[in-house]
Amino acid sequence: QFLNFYWITDGVTVGLTVSSTAPPTGPTLPSGYKAWAYAAPIAYASSTSLASTHVSGPDIFWRTGQSLVTNGAATSFAALSASASVPPNATGFTVNAPYVGLLTPGAGGSAQGTIHWSLDGTLDYSTSVYQSLGVTTGMLTPLADISFPNRNRTIYYYTQVIVGSSPVVTLNVCRYRVSNGS
């Protein structure tokens, strides 16, 4: 669950309040307060603490990537839900792949493959290629961050081998974006 933080004012004093209600409805203002501005949604880490994040304008960065899949090996589009790490009102989110491995290199120790991305499970949204030459045992290759618009907090992925076999990928949500006037 996410809590929504708001800046509030009575025209003189500026304060901060928390609400379970996201914009456009906004928080119930304390007596005497007249206006609010959305700051950010932050997830609960537990019943008594917030998740470790960093807010910079409209971007909220997770201090530790939030796992979508670990050692994923889908060979056709598989859905990945980001609902635990992306609030419903996010306009988009960013995924990174800190680990891509081809555990069994092909002839000559080379490994090459493609990760396919999709928003709907049918059309490729983006494709990332990874490879290594002269590898004799597995490989570790981080990929650049890829940003997605928020469509029901779900993306689809699959791996495709060009050279080698047994590909796996780890994918994390590293940040999300909200409309907060920044």
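In what follows, the structure referred to is the one given above.
Residues numbered from 1 in each chain as written. Predicted model: local features only at pLDDT ≥ 70, side-chain atom pairs only at ≥ 80, totals over all residues. Heavy atoms only, no water.

Draft legend 1. Examining the overall build of the protein chain more closely. In terms of helices and strands, the protein chain carries 0 helices and 13 strands. When the helices and strands of the protein chain are listed from N to C terminus, the series reads β-β-β-β-β-β-β-β-β-β-β-β-β. Considering the protein chain as a whole, with its 182 residues, one finds that 43% of them fall into the buried category. Of the contacts made within the protein chain by residues no fewer than 6 positions apart, 69% connect residues no fewer than 24 positions apart. (Helix = DSSP H or I, 4+ residues; strand = E, 2+ residues; numbered from the N terminus. Buried < 20%, exposed > 50% of the residue type's maximum accessible area, 1.4 Å probe, protein only. Contact = heavy atoms within 4.5 Å.)

Draft legend 2. Up close: the packing of aromatic side chains. For the coordinates displayed, the defined rule picks out 7 aromatic pairs. Aromatic pair Phe77 and Tyr158: ring centres 4.8 Å apart, planes at 85°, arrangement edge-to-face. Placement of Phe77 in the loop between strand S6 (59-72) and strand S7 (78-81) and of Tyr158 in strand S12 (residues 154-163) is noted, with a sequence separation of 81 residues between them. Residue class for Phe77 comes out partly exposed when judged on its relative accessible area of 22%. (Phe/Tyr/Trp six-rings, centres within 6.5 Å; stacked < 30°, edge-to-face > 60°.)

Draft legend 3. View of the pattern of salt bridges. In total, this model carries 2 salt bridges according to the counting rule given. In this structure, Asp59 engages Arg175 in a salt bridge whose closest nitrogen and oxygen atoms are separated by 3.6 Å. Here Asp59, found in strand S6, pairs with Arg175, found in strand S13 (residues 165-177); they are 116 residues apart in sequence, far enough to count as distant. Measuring nitrogen to oxygen at the nearest pair gives 2.8 Å for the salt bridge that ties Asp59 to Arg177. Of this pair, Asp59 sits in strand S6 while Arg177 sits in strand S13, placing them 118 residues apart in sequence. In this structure Arg177 comes out as partly exposed when scored by relative accessible area, which is 38%. (Salt bridge = Lys/Arg side-chain N within 4 Å of Asp/Glu carboxyl O.)

Draft legend 4. Quick look at the pairing of S6. Here 4 bridges tie strand S5 (residues 53-56) to S6, and the two strands are oriented antiparallel to one another. Across the sheet, the residue bridging to Val55 is Ile60, located in S6. The antiparallel hairpin formed by S5 and S6 contains 2 residues in its connecting segment, where Gly57 sits at a positive phi of about 65°. With 7 bridges joining them, S6 and S13 adopt antiparallel strand pairing. Along S13, the bridge assignment pairs Val69 with Leu171. (Pairing = 2+ DSSP bridges.)

Draft legend 5. Structural context of a nonpolar patch on the surface. On the surface, Trp7, Val14 and Leu16 cluster together into a nonpolar patch covering about 330 Å² of accessible area. Among the secondary structure elements, Val14 is positioned in strand S2 (residues 14-19). (Patch = residues over 30% accessible without salt bridge, like charges linked within 9 Å, V, L, I, M, F, W, Y side chains within 5 Å. Areas by Shrake-Rupley, 256 points an atom, 1.4 Å probe, with all protein chains shown as cover.)

Draft legend 6. Looking closely at the sheet that holds strand S3 (residues 35-46). One open sheet holds the 4 strands; their spatial order is S2-S1-S3-S4, and the pairing between them is antiparallel. Here the strands that pair on one side only, and so sit at the sheet edges, are S2 and strand S4 (49-50). Relative to S2, strand S1 (residues 2-9) runs antiparallel, the two sharing 6 bridges. Note that in S2 the partner of Tyr6 across the bridge is Thr17.

Draft legend 7. Seen up close, the environment of Ala22. With respect to the helices and strands, Ala22 occurs in the loop between S2 and S3. Leaving out residues up to four positions away in the same chain, Ala22 has contacts with Asn4, Tyr6 and Asn89.

Draft legend 8. Layout of the side chain of Thr154. Looking at the secondary structure, you find Thr154 in strand S12. Polar side-chain contacts of Thr154 include one of 3.0 Å to the backbone oxygen of Asn152. Not counting residues within four places of it along the chain, the set of residues in contact with Thr154 comprises Ala79, Leu80, Ser81, Phe93 and Leu119. (Polar contact = N/O pair within 3.5 Å; in protein donor to acceptor, adjacent residues only side chain to side chain.)

Draft legend 9. Here's a closer look at the nonpolar core. Counting 38 residues, the largest nonpolar core has Phe93, Trp117, Ile155, Leu171 and Tyr176 as its most contacted members. Of all the secondary structure elements, the ones that give two or more residues to this core are S1, S3, S6, strand S8 (92-104), strand S9 (111-118), strand S11 (143-149), S12 and S13. Residues contacting Leu171, with those up to four places away along its chain left out, are Gln66, Ser67, Leu68, Val69, Leu80, Val95, Asn96, Ala97, Trp117 and Tyr157. (Core = buried A, V, L, I, M, F, W, Y, C linked by side-chain atoms within 4.5 Å.)

No statement about biological role is implied by the geometric values presented.
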